[in-house]
Amino acid sequence: NAGVTQTPKFQVLKTGQSMTLQCAQDMNHEYMSWYRQDPGMGLRLIHYSVGAGITDQGEVPNGYNVSRSTTEDFPLRLLSAAPSQTSVYFCASSYGGVEQFFGPGTRLTVL
Amino acid sequence: GIQVEQSPPDLILQEGANSTLRCNFSDSVNNLQWFHQNPWGQLINLFYIPSGTKQNGRLSATTVATERYSLLYISSSQTTDSGVYFCAVEQPNDYKLSFGAGTTVTVRA
């Protein structure tokens, strides 16, 4: 199993550009989520999904969109990047809401 | 929402020393996890421990759910133990992890 994979590892955007952060898992987990981590802080939840076709907002959803068309994939879209979205983004998955497993992260810089 | 407090915020250890990290949470939880974030930023699962005690090598953890706290013990610390240790909890029927601010551990040779 590859576990939770994220692409890209690093990305630099200009203000106003759009992009999609990819997340995939091969563990047949129902639950997937996106977190962001800012310097010196713990992770904060952006959006989550409890199954294909179902998504919901987390603690800091503004400026981000998600969709869940398959069990395996959970992409995060930035429609118009802002410097405040400079952060490290982590995707996570779990089965039955128990132990969660995290991907390696995407380091995003918005200039 | 649920509050998660970790202490101490920073910990400096000499190699070989033992230490205890604490996590307090403000409400009932059905999931508690400890993570180690290494210097490369990777989050490594240490323990899934909503209650009871678990051990994995030099690390062990205890969660007392009725008193709303968890402890992570590091024994015979090594330089590779350096990094940030996070406690994260999930409330019943919530499926979302709420993280503490972390404890930064530095182990000196």
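As shown above, the structure is provided for reference.
A few points on the structure. These figures come from a predicted structure and were not determined experimentally.

### Description of the sheet that holds strand E3 (residues 19-25) of chain A
Paired through backbone hydrogen bonds, the strands of a sheet run either parallel or antiparallel to each other.
Residues and elements named next belong to chain A.
Okay, so step 1: Read from one edge to the other, the open sheet built from four strands follows the order E1-E3-E8-E7, with strand pairing classed as antiparallel. Taken across any chain shown, the strands that pair with only one partner, and hence form the sheet edges, are strand E1 (4-7) and strand E7 (64-66). With direction set aside, neighbouring strand axes in the sheet form an average angle of 20°.
Okay, so step 2: As paired elements, E7 and strand E8 (residues 76-78) share three bridges and run antiparallel to each other. Paired with Val66 across the two strands is Leu76, which belongs to E8.

### With respect to the sheet that holds strand E6 (residues 52-56) of chain B
Residue and element names in this part refer to chain B.
Okay, so step 1: In space, the five strands of this open sheet follow the order E1-E3-E8-E7-E6, with antiparallel pairing throughout. The two strands at the open ends of the sheet, each matched to only one other strand, are strand E1 (4-7) and E6. This sheet shows a mean twist of 15° between the axes of neighbouring strands, independent of strand direction.
Okay, so step 2: Here six bridges tie strand E7 (residues 59-64) to strand E8 (residues 69-74), and the two strands are oriented antiparallel to one another. Its bridge partner lying in E8, Leu59 is registered against Ile74.

### What about the side chain of Ser49 of chain A?
Residue and element names in this part refer to chain A.
Okay, so step 1: Its place among the elements puts Ser49 in strand E5 (residues 43-51).
Okay, so step 2: A distance of 2.9 Å separates a polar side-chain atom of Ser49 from the backbone oxygen of Gly51.
Okay, so step 3: Within polar-contact distance, the side chain of Ser49 engages the side chain of Arg68 at 2.7 Å.
Okay, so step 4: If near-sequence neighbours (up to four positions away) are discounted, Ser49 is found in contact with Glu30, Tyr31, Met32, Ile54, Thr55, Arg68 and Phe74.

### Here's the deal with the packing of aromatic side chains
Okay, so step 1: Per the stated rule, a full pass over the model turns up seven aromatic pairs over all chains.
Okay, so step 2: With a centroid separation of 5.5 Å and an interplanar angle of 45°, the aromatic rings of Tyr35 of chain A and Phe102 of chain A are classed as tilted. Placement of the pair is Tyr35 of chain A in strand E4 (residues 31-37) and Phe102 of chain A in strand E10 (residues 101-102), with a sequence separation of 67 residues.
Okay, so step 3: Taking relative accessible area as the criterion, Phe102 of chain A reaches 10% and is therefore assigned buried.
Okay, so step 4: Linked through ring pairs, Tyr35 and Phe102 of chain A together with Phe35, Phe86 and Phe99 of chain B together constitute an aromatic cluster.
Okay, so step 5: It is Arg68 of chain A that lies over the ring of Phe74 of chain A; its NZ or CZ is 6.0 Å from the centre.
Okay, so step 6: For Arg22 of chain B, the ring lying beneath its charged end belongs to Tyr69 of chain B, and the centroid distance is 4.2 Å.

Rules used throughout
- Residues numbered from 1 in each chain as written.
- Chains lettered and ligands numbered in written order.
- Predicted model: local features only at pLDDT ≥ 70, side-chain atom pairs only at ≥ 80, totals over all residues.
- Heavy atoms only, no water.
- Pairing = 2+ DSSP bridges.
- Helix = DSSP H or I, 4+ residues; strand = E, 2+ residues; numbered from the N terminus.
- Axes fitted to C-alpha atoms, helices over the stretch in contact; angles between N-to-C directions.
- Polar contact = N/O pair within 3.5 Å; in protein donor to acceptor, adjacent residues only side chain to side chain.
- Contact = heavy atoms within 4.5 Å.
- Phe/Tyr/Trp six-rings, centres within 6.5 Å; stacked < 30°, edge-to-face > 60°.
- Buried < 20%, exposed > 50% of the residue type's maximum accessible area, 1.4 Å probe, protein only.
- Lys NZ or Arg CZ within 6 Å of the ring centre and 35° of its normal.

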